[in-house]
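What follows is each chain in one-letter form.
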Protein chains: 2
Amino acid sequence: MYSEIHLPKGFKCAGIAAGIKPASVKDMALILSERPAASAGVFTTNQVCAAPVKVCRAHLAHGVARAIVMNSGIANACTGSEGMVAAKDMAAEAAKVISCEPQEIFVCSTGKIGPQLPLDKIIQGIGTLFESASIGNVQNTAEAMMTTDTRPKVSVAEIVIEDKPVKIVGFAKGAGMIEPNMATMLSYITTDAAVEQHALQAALKKSVDGSFNRISIDGDQSTNDTVLALANGAAENRLLDENSPEWNVFFQALEKVCFELAMMIVHDGEGADKFVTVKVTGAASNDDAELAARAVANSMLNKTAWAGTYPDWGRIMDSVGYSKAQVVEERVDIFYDDTQAVAGGCQSGVAQEDLIKVVSQSDFAINIDLHLGGGEAVVYTCNCTEEYVRINY
Amino acid sequence: MYSEIHLPKGFKCAGIAAGIKPASVKDMALILSERPAASAGVFTTNQVCAAPVKVCRAHLAHGVARAIVMNSGIANACTGSEGMVAAKDMAAEAAKVISCEPQEIFVCSTGKIGPQLPLDKIIQGIGTLFESASIGNVQNTAEAMMTTDTRPKVSVAEIVIEDKPVKIVGFAKGAGMIEPNMATMLSYITTDAAVEQHALQAALKKSVDGSFNRISIDGDQSTNDTVLALANGAAENRLLDENSPEWNVFFQALEKVCFELAMMIVHDGEGADKFVTVKVTGAASNDDAELAARAVANSMLNKTAWAGTYPDWGRIMDSVGYSKAQVVEERVDIFYDDTQAVAGGCQSGVAQEDLIKVVSQSDFAINIDLHLGGGEAVVYTCNCTEEYVRINY
């Protein structure tokens, strides 16, 4: 699937089975920059957060990084001081292999909350990762990040800066416990562009707000959500920041990669087979629009109705109404794609068959106009099927 | 099931099939007081609310009532001015039959949001309801209120006030779109006690806060939630208010009836087969405790874990962490009934089998101590099974 993709210049990656998951399933990944890379990171805002998130936050202050080491299968969350030691040991071991400072290593974990990491397997795995790392090992790396994901997730952008080819390659995993504000969502972005570190952090934050922070699968924000970006400068452009003439070319490419990865996560939502865009316009404020959109996107009654190909706009009215957004019932218009279901808070008179046609699609939009102001927001979500319940038994 | 129960003195009730639902399923109910009864009501706080809720709110100001007329199958919500006319016509028709003011009639609807009521069937149904009303018609009345409920819900309390027997009989229905703050939850309480109207309203509000407002099935607050109480004084006690020596006897009986009905709703949650009490103690405030308890109770990952008899305390830590309650990870203790799963934010070391034993039960508690203060809250909820998804397709 991604076997033809190469990383940006100066990067290598690997994905292996280290024995954390049963049955030789891949469960450790490495992303390595041959030279120190400017680094940026955005993390979960959950008050209960994993040991590796705490370590990443601390290491981010260092500003430059050499590698990301991650495992799937165990989240190393709610693991106390033993978990902190394990996360630090992961970083220290990787630093030893490539002779850098431990602060130049990011560590991530995803999987079950509670158990301690099998540190011996992790340490052995780190050795194997560095041995097998290569510029073309993208498929294995993306696979090693997966938990309940059904497929790996990689996005690529290629741009030109100062006549020099610049590449961005991003990795992500979903697929449950997903309502990032900055969830167990992990994403790694690599680029060979030379980017000033504070500019990279600001650009990543803004890109995440428009992408990963706009998706919701089950409304459960994880303890481990982490997005990291590494820019190693191997493209040899002059250092980019917000004042560079070609900044927007870079920023838009970064945004595109983040957005594509976020959409891949929703498309691969646990048990989901429909992708739903919930867009609210005409709200009293952008915050209100977001509250209304999230209420609709997270309502189990809406998600199960979509699963049943049941265009129950009454449930949408209900969830808009109990959201904390200001709502005047008589002003609300609701469209399924472009087909109006609700006009001024009541049924539009459209034929039910026309609405069924829309919700039969694997990808459709719910467009809600509150007619109260200029506030707008969009949330990307998916349906909830019986399979979701089975996956989480 | 409830065929032996009689209403309090001076009340009659009926439940019939008026043709709103298909296949002669009962779909209209009546509760009638022979004399004007002091009335109290608590309604949904959803900004999108049904026409009958608007009518009830207006009629409650009248202070006394003679009857409650309700239909199931159609919610008469999001039905605009036509829906308001229908709700008022329902009240007017009932008032005509018993020669009272329309303001003395409460009207309620539950079912699908959006469609208009078939007013001709409703008007005909009202005639049949009054003809068939009797003091012992409790089972039919409770059945006519049902939508996705699998069984009718009635609770009875009998007390003595001034040596006079006083009775309270309450009716309720669930079973989806249930996170009342004040959902489509409907409940009617009848009593033959003589109760001063403002005292009755205050007592009902307080009873609802401790019962119906503490339950959540799917986190979706309905457009139609309504609890009404009618006290007709047929027991001929002196008028009760908060200063009466026997007030607490009455109030505790009212609380008991509300609580029993609320618990029946959770026990009959759509697709649910486990009743879960989520109790949070040691929070920085009662509000914080409630935020944490609701986050745990409404998390799909927790609800599906309970369905799978999977004691995944990590998901509970996760949801406590993303709740808006203040949480210090290292202080959190979590118990499954009395079995401690989490000590200071980490696994307690208890055997997994012991936790599985608890979540195998059809009724268990999740007890969470945040160790930050004296705040407490309890929320009653249920698991989420594949059947929930099928019901809402």
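Residues numbered from 1 in each chain as written. Chains lettered and ligands numbered in written order. Predicted model: local features only at pLDDT ≥ 70, side-chain atom pairs only at ≥ 80, totals over all residues. Heavy atoms only, no water.

Q: Help me out: how do you make sense of the overall build of chain A in this one?
A: Scanning chain A from N- to C-terminus turns up 11 helices and 14 strands. Each principal axis of the C-alpha atoms in chain A carries an extent, and together these give about 70 × 50 × 35 Å. Taking all 393 residues of chain A together, 64% fall into the buried category. Here chain A displays about 13,100 Å² of accessible surface, and carbon together with sulfur accounts for 50% of that area. Treating the 31 positive side-chain charges of chain A as one cloud and the 48 negative ones as another, the clouds have centres 4 Å apart. (Helix = DSSP H or I, 4+ residues; strand = E, 2+ residues; numbered from the N terminus. Buried < 20%, exposed > 50% of the residue type's maximum accessible area, 1.4 Å probe, protein only. Areas by Shrake-Rupley, 256 points an atom, 1.4 Å probe, with all protein chains shown as cover. Lys, Arg positive; Asp, Glu negative; His and termini not counted. Charge placed at Lys NZ, Arg CZ, Asp CG, Glu CD.)

Q: Any chance you could explain helix 2 (residues 80-98) of chain B here in plain terms?
A: Two residues of an α-helix separated by three or four positions point the same way, owing to the 3.6 residues in each turn. All names here are of chain B. Taking 1.5 Å per residue as the helical rise, helix 2 with its 19 residues ought to reach 27 Å, and the 28 Å between its terminal C-alpha atoms agrees with that figure. Of all the residues in helix 2, the buried ones are Gly83, Ala86, Ala87, Met90, Ala91, Glu93, Ala94, Ala95 and Ile98. One or two steps after helix 2, the chain reaches Ser99, where phi turns positive at roughly 55°. (Expected span 1.5 Å × (residues − 1).)

Q: Help me understand the domain arrangement of chain A in this model?
A: How big an interface is tends to be stated in terms of the accessible area lost upon association of its parts. Residues and elements named next belong to chain A. Assigned domains of chain A: these are domain 1 (11-266) and domain 2 (275-391). Distance from the C-alpha centre of domain 1 to the C-alpha centre of domain 2: 33 Å. With 12 residues of domain 1 at the contact, the number on the domain 2 side is 13 residues. When domain 1 packs against domain 2, the two sides together hide about 1,100 Å² of surface, and 49% of this comes from carbon and sulfur. Ionic pairing is found between Glu290 and Arg214, a salt bridge with its closest N-O pair at 3.2 Å. Our count for the contact surface shared by domain 1 and domain 2 stands at four residue pairs in polar contact (both at pLDDT 80 or more). Partitioning the side of domain 1 that touches domain 2 into residue classes produces five nonpolar, four polar and three charged. (Domains from an automatic or database assignment. Contact = heavy atoms within 4.5 Å. Buried area = accessible area lost by both parts, 1.4 Å probe. Salt bridge = Lys/Arg side-chain N within 4 Å of Asp/Glu carboxyl O. Polar contact = N/O pair within 3.5 Å; in protein donor to acceptor, adjacent residues only side chain to side chain. Nonpolar A, V, L, I, M, F, W, Y, C, P; charged D, E, K, R; others polar.)

Q: Which parts of the structure should I look at to understand the environment of Asp241(A)?
A: All names here are of chain A. By the secondary structure assignment, Asp241 is in the loop between strand 8 (226-231) and helix 6 (247-267). Using a relative accessible area of 26% as the deciding quantity, one classes Asp241 as partly exposed. Taking the C-alpha atoms as reference points, Asp241 and Thr226, separated by 15 residues in sequence, lie 23 Å from one another. Residue contacts for Asp241: discarding those within four places in its chain leaves Glu196, Ala199 and Trp247.

Q: Sorry, what's going on with the interface of chain A and chain B here?
A: Taken together, the 54 residues of chain A in the interface contact 54 residues of chain B. Carbon and sulfur atoms supply 53% of the area that chain A and chain B bury against each other, a total of about 4,400 Å² over both sides. Area buried by chain A at its contact with chain B is led by Gln47(A), Glu386(A) and Tyr393(A), which between them contribute 16% of it. Counting every contact that joins chain A to chain B gives eight salt bridges. The interface formed by chain A and chain B includes 20 residue pairs in polar contact (both at pLDDT 80 or more). Elements that contribute at least two residues to the side of chain A that touches chain B include exactly helix 8 (300-307), helix 9 (313-322), strand 12 (346-347) and helix 11 (386-391) of chain A. Ranked by residues supplied to the side of chain A that touches chain B, first place goes to helix 9 of chain A with eight residues. The class makeup of the residues in the side of chain A that touches chain B is 22 nonpolar, 21 polar and 11 charged.

Q: Could you clarify how one ought to interpret the environment of Thr79(B) in this entry?
A: Structurally, the position occupied by Thr79(B) is in the loop between strand 3 (64-74) and helix 2. For Thr79(B), a relative accessible area of 3% puts it in the buried group. Spatially, the C-alpha atom of Thr79(B) lies 8.2 Å from that of Ile113(B), the residues being 34 residues apart in sequence. Dropping the residues within four chain positions of it, Thr79(B) is found in contact with Cys346(A), Ala51(B), Gly114(B), Pro115(B) and Gln116(B).

Q: Please explain the packing of helix 7 (residues 286-298) of chain A against helix 8 of chain A as it appears in this structure.
A: Helix-helix packing is characterised by the crossing angle of the two axes and by the distance between the axes. All names here are of chain A. Orientation of helix 7 relative to helix 8, taken along the N-to-C sense of each, is 55°, at an axis distance of 5 Å. Comparing the axis directions of helix 7 and helix 8 gives the class oblique. From helix 7, Val296, Ala297 and Asn298 reach across to helix 8, where they touch Met300, Asn302, Lys303 and Trp306. When the residues that make up the contact of helix 7 with helix 8 are grouped by side-chain class, the tally is four nonpolar, two polar and one charged. (Axes fitted to C-alpha atoms, helices over the stretch in contact; angles between N-to-C directions. Parallel < 35°, antiparallel > 145°, perpendicular 65-115°, else oblique.)

Q: Looking at this structure, how should I read the relation of the copies chain A and chain B?
A: The relation between the two chain copies is a rotation about an axis coupled with a shift along that axis. If you rotate chain A by 180° and push it 0.0 Å along the axis, it lands on chain B with an RMSD of 0.0 Å. The relationship between the two copies is best expressed as a two-fold rotation axis. Within chain A, Glu386(A) has its C-alpha nearest the rotation axis, a separation of 2.4 Å. By residue overlap, the copies meet face to face through one surface: 100% of the interface positions of chain A are interface positions in chain B. (Least-squares fit on C-alpha atoms with pLDDT ≥ 70 in both.)

Q: I'm lost on the pattern of salt bridges in this one. Help?
A: Oppositely charged side chains can form a pair if their charged atoms are brought close together. The full count for this structure, using the stated rule, is 33 salt bridges over all chains. The salt bridge partner of Lys26(A) is Glu143(A), with a shortest N-O separation of 2.5 Å. One end of the pair, Lys26(A), is in the loop between strand 1 (11-16) and strand 2 (28-43); the other, Glu143(A), is in helix 4 (residues 138-144), and 117 residues separate them in sequence. For Glu386(A), the salt bridge goes to Arg390(B), with nearest N and O atoms at 2.4 Å. With Glu386(A) in helix 11 and Arg390(B) in helix 11 (residues 386-391), the pair connects residues from two separate chains. Using a relative accessible area of 15% as the deciding quantity, one classes Glu386(A) as buried.

Q: Explain the environment of His198(A) to me, please; I cannot follow it from the model alone.
A: Relative to the assigned elements, His198(A) resides in helix 5 (residues 197-209). Residues His198(A) and Asp241(A), spaced 43 residues apart in sequence, show a C-alpha to C-alpha distance of 8.2 Å.

Q: What is the right way to read the sheet that holds strand 9 (residues 275-283) of chain B from this model?
A: Strand pairing in a sheet relies on backbone hydrogen bonds. The paired strands run either parallel or antiparallel. Residue and element names in this part refer to chain B. Reading across the sheet, the six strands line up as 12-11-10-13-9-14 and stay open at both edges, with mixed pairing between neighbours. The open sheet has two free edges, formed respectively by strand 12 (346-347) and strand 14 (375-382), since each of these has just one partner strand. Judged from the three bridges that link them, strand 10 (residues 333-336) and strand 11 (residues 339-343) form a sheet pairing that is antiparallel. Of the residues in strand 11, the one forming a bridge with Phe335 is Gln340. Sheet strands in contact with helix 8 (residues 300-307) are strand 9, strand 13 (363-369) and strand 14, and its direction is about 55° off that of strand 14. This element, helix 9 (residues 313-322), spans strand 10, strand 11, strand 12 and strand 13 of the sheet and lies at about 135° to strand 10. (Pairing = 2+ DSSP bridges.)

Q: Please clarify how unusual backbone geometry should be interpreted in this entry.
A: A negative phi holds for most residues other than glycine; trans holds for most peptide bonds. Residues and elements named next belong to chain A. One non-glycine residue, Ser24, lies in positive phi territory at about 55°. You can see Ser24 is positioned in the loop between strand 1 and strand 2. Overall, Ser24 belongs to the exposed group, its relative accessible area being 66%. A positive phi is found at Asp163, a non-glycine position, where the angle reads about 65°. Examined against the element boundaries, Asp163 turns out to sit in the loop between strand 5 (153-161) and strand 6 (164-173). On the accessibility criterion, Asp163 (75% relative accessible area) is exposed.

Q: It is not clear to me how the sheet that holds strand 9 (residues 275-283) of chain A should be interpreted in this structure. Could you clarify?
A: Residue and element names in this part refer to chain A. The strand order 12-11-10-13-9-14 describes an open sheet built from six strands, whose pairing is mixed. Because the sheet does not close on itself, it has two edges, and the strands there are strand 12 and strand 14 (375-382). Pairing of strand 9 with strand 13 (residues 363-369) involves seven bridges; the strand directions are parallel. The residue bridging Thr277 from the neighbouring strand is Ala365, located in strand 13. Packing of helix 7 onto the sheet brings it into contact with strand 9, strand 13 and strand 14, and relative to strand 14 it is tilted by some 20°.

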